[in-house]
There are 2 protein chains.
Amino acid sequence: MDRAPDYESVGWGFDSPQAHFSSFMNDVDFMQEALREAEKALNKNEVPVGAVVVCNGKIIGRGHNQVEHMNDVTAHAEIMAIRDAEKNLSGWRLTDCEIFSTCEPCPMCAGAIMNARLKRLVYGTAQPKFGSLSLSCNILDNTRLNHKIEIKAGLLEKESSELLKNFFSSRRDG
Amino acid sequence: MDRAPDYESVGWGFDSPQAHFSSFMNDVDFMQEALREAEKALNKNEVPVGAVVVCNGKIIGRGHNQVEHMNDVTAHAEIMAIRDAEKNLSGWRLTDCEIFSTCEPCPMCAGAIMNARLKRLVYGTAQPKFGSLSLSCNILDNTRLNHKIEIKAGLLEKESSELLKNFFSSRRDG
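Quantities reported herein were computed from a predicted structural model and do not represent experimental measurements.

Q: Honestly, the interface of chain B and chain A in this entry has me stumped. Any pointers?
A: Accessible area lost upon the coming together of the parts is a frequently used measure of interface size. Taken together, the 33 residues of chain B in the interface contact 33 residues of chain A. When the two sides are added together, the surface that chain B and chain A hide from each other amounts to roughly 2,600 Å², 54% of it contributed by carbon and sulfur. Of all residues in chain B, the largest losses of buried area upon contact with chain A belong to N71, V73 and W92 of chain B, amounting jointly to 22% of the total for that side. Our count for the chain B to chain A interface comes out at 4 salt bridges. Put simply, D72 of chain B and R83 of chain A hold a salt bridge, and the shortest N to O gap is 3.3 Å. Remark: the boundary between chain B and chain A carries 19 residue pairs in polar contact (both at pLDDT 80 or more). Of all the secondary-structure elements, those providing two or more residues to the side of chain B that touches chain A are α2 (67–70), α3 (77–89) and α4 (107–115) of chain B. It is α4 of chain B that provides the largest number of residues to the side of chain B that touches chain A, a total of 5 residues.

Right, dumping it as structure tokens:
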């Protein structure tokens, strides 16, 4: 599971896709890493959404939206990060893990987050048209599901939403 | 897109994972193919759920549950079939396609079905504990989503549910 390098030698600028960070990182730091993932999507001309999965204060999964690039409607940032974490853990149960996403997850990603039994979701900007909570989809807060998840919304909301606004604005401008 | 063999030479027992069938197949035939996928899951000791994606009367995607085998919580039958179809079509929009699943889709799969813009969902047995409709998850019937999907439930329900019952019964018996 733990493929972490020597944390002492890992600086803030460390830029490996498999990077694990020391447990002194906090929510804002993890969301900034999710934003870095979103920028990777932007560089591929994809809707800029990014996510990281964190276990015991370390990043164990990273993902960014790659739907167009991979021709795969399931290649949303959250699902890419979950798959990456599963690979690194060699298991699909992410019971003790948290996910940080720059955007409110869509119903598909919300379902994946519940299926993977993540204990906490932190997201940046709400998505009124596509977000699971915004659409009242009754997934992350379904009282009939055994699994309960803690949710924190609006972290680095401005940074996350500006990435999206600029992307869609540039698309409209051709 | 069309990797179909010569349909004249394709019998009912044709057993290739890439099999395409002539348009004289009907809903029951497609669900029987989904059941064959479910049996593949059973043979891997996975919860037996199978799915096929159909376009213009031809199967263009197949999938069976492989969560344990692949250590991937997103490897549900419906998502595997959608990804297979996307690969065969070289595109993620399955606008003119139908999906046949032996089980009522969970919220994650229901979200993927909506994201892929499938036009029709046919499923076998309901899943009171995990199914998106059974859990009132407001995805497949969300009035705020632009995409509308036609749903047919209960096709070959008995065959689909017996596969599941036998699987869980044999697990309980050790």
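Once you've had a look at it, read on.
Q: How should I be thinking about the pairing of strand β3 (residues 97–103) of chain B in this particular structure?
A: Across a regular strand the side chains alternate sides, sitting on one face of the sheet and then on the other. Residue and element names in this part refer to chain B. Within β3, 7 of the 7 residues are buried, leaving the element largely enclosed by the surrounding structure. Bridge count between strand β1 (residues 50–55) and β3: 5 bridges; the pairing is antiparallel. Among the inter-strand pairings, A51 is bridged to a residue of β3, identified as S101. Both β3 and strand β4 (residues 120–125) contribute to a ladder of 5 bridges, which runs parallel. If you follow C103 over to β4, its bridge partner there is T125. Read from β3 through α4 to β4, the crossover connection turns out right-handed.

Q: I would appreciate a short explanation of the relation of the copies chain B and chain A in the present structure.
A: Superposition of the two copies of the chain requires a rotation about an axis together with a shift along that axis. Of the transformation superimposing chain B on chain A, the axial component is 0.0 Å and the angular component is 180 degrees, with the fit at an RMSD of 0.0 Å. Considering both components of the superposition, the chain copies are consistent with a two-fold axis. In terms of proximity to the rotation axis, the leading residue of chain B is M108 of chain B, whose C-alpha is 2.1 Å off the axis. Taken as a fraction of all interface residues of chain B, those also at the interface in chain A reach 100%, which identifies the copy contact as same-surface.

Q: Honestly, the sheet that holds strand β1 (residues 50–55) of chain A in this entry has me stumped. Any pointers?
A: Strands in a sheet are paired, the pairing made by backbone hydrogen bonds, and the direction either parallel or antiparallel. Residues and elements named next belong to chain A. Pairing is mixed across the open sheet formed by 5 strands, whose spatial order is β2-β1-β3-β4-β5. With one partner strand each, in any of the chains shown, β2 (58–64) and β5 (150–153) form the two edges of the open sheet. Along the sheet, successive strands turn relative to each other by an average axial angle of 15 degrees, direction set aside. Relative to β2, β1 runs antiparallel, the two sharing 6 bridges. Counted as the bridge partner of V53 is G61 from β2.

Q: Help me understand the environment of L94 of chain B, please; the structure alone is not making it clear to me.
A: All names here are of chain B. Along the polypeptide, L94 turns up in the loop between α3 and β3. Distance from L94 to D84, taken between C-alpha atoms, is 11 Å for residues 10 residues apart in sequence. Residues within four places of L94 in sequence aside, it is in contact with I82, A85, E86, L89, A116, R117, L118 and K119.

Procedures and definitions
- Residues numbered from 1 in each chain as written.
- Chains lettered and ligands numbered in written order.
- Predicted model: local features only at pLDDT ≥ 70, side-chain atom pairs only at ≥ 80, totals over all residues.
- Heavy atoms only, no water.
- Contact = heavy atoms within 4.5 Å.
- Buried area = accessible area lost by both parts, 1.4 Å probe.
- Salt bridge = Lys/Arg side-chain N within 4 Å of Asp/Glu carboxyl O.
- Polar contact = N/O pair within 3.5 Å; in protein donor to acceptor, adjacent residues only side chain to side chain.
- Helix = DSSP H or I, 4+ residues; strand = E, 2+ residues; numbered from the N terminus.
- Buried < 20%, exposed > 50% of the residue type's maximum accessible area, 1.4 Å probe, protein only.
- Pairing = 2+ DSSP bridges.
- Right-handed = clockwise from strand over helix to strand, strands pointing away.
- Least-squares fit on C-alpha atoms with pLDDT ≥ 70 in both.
- Axes fitted to C-alpha atoms, helices over the stretch in contact; angles between N-to-C directions.

What is shown is where atoms sit, not what they do.
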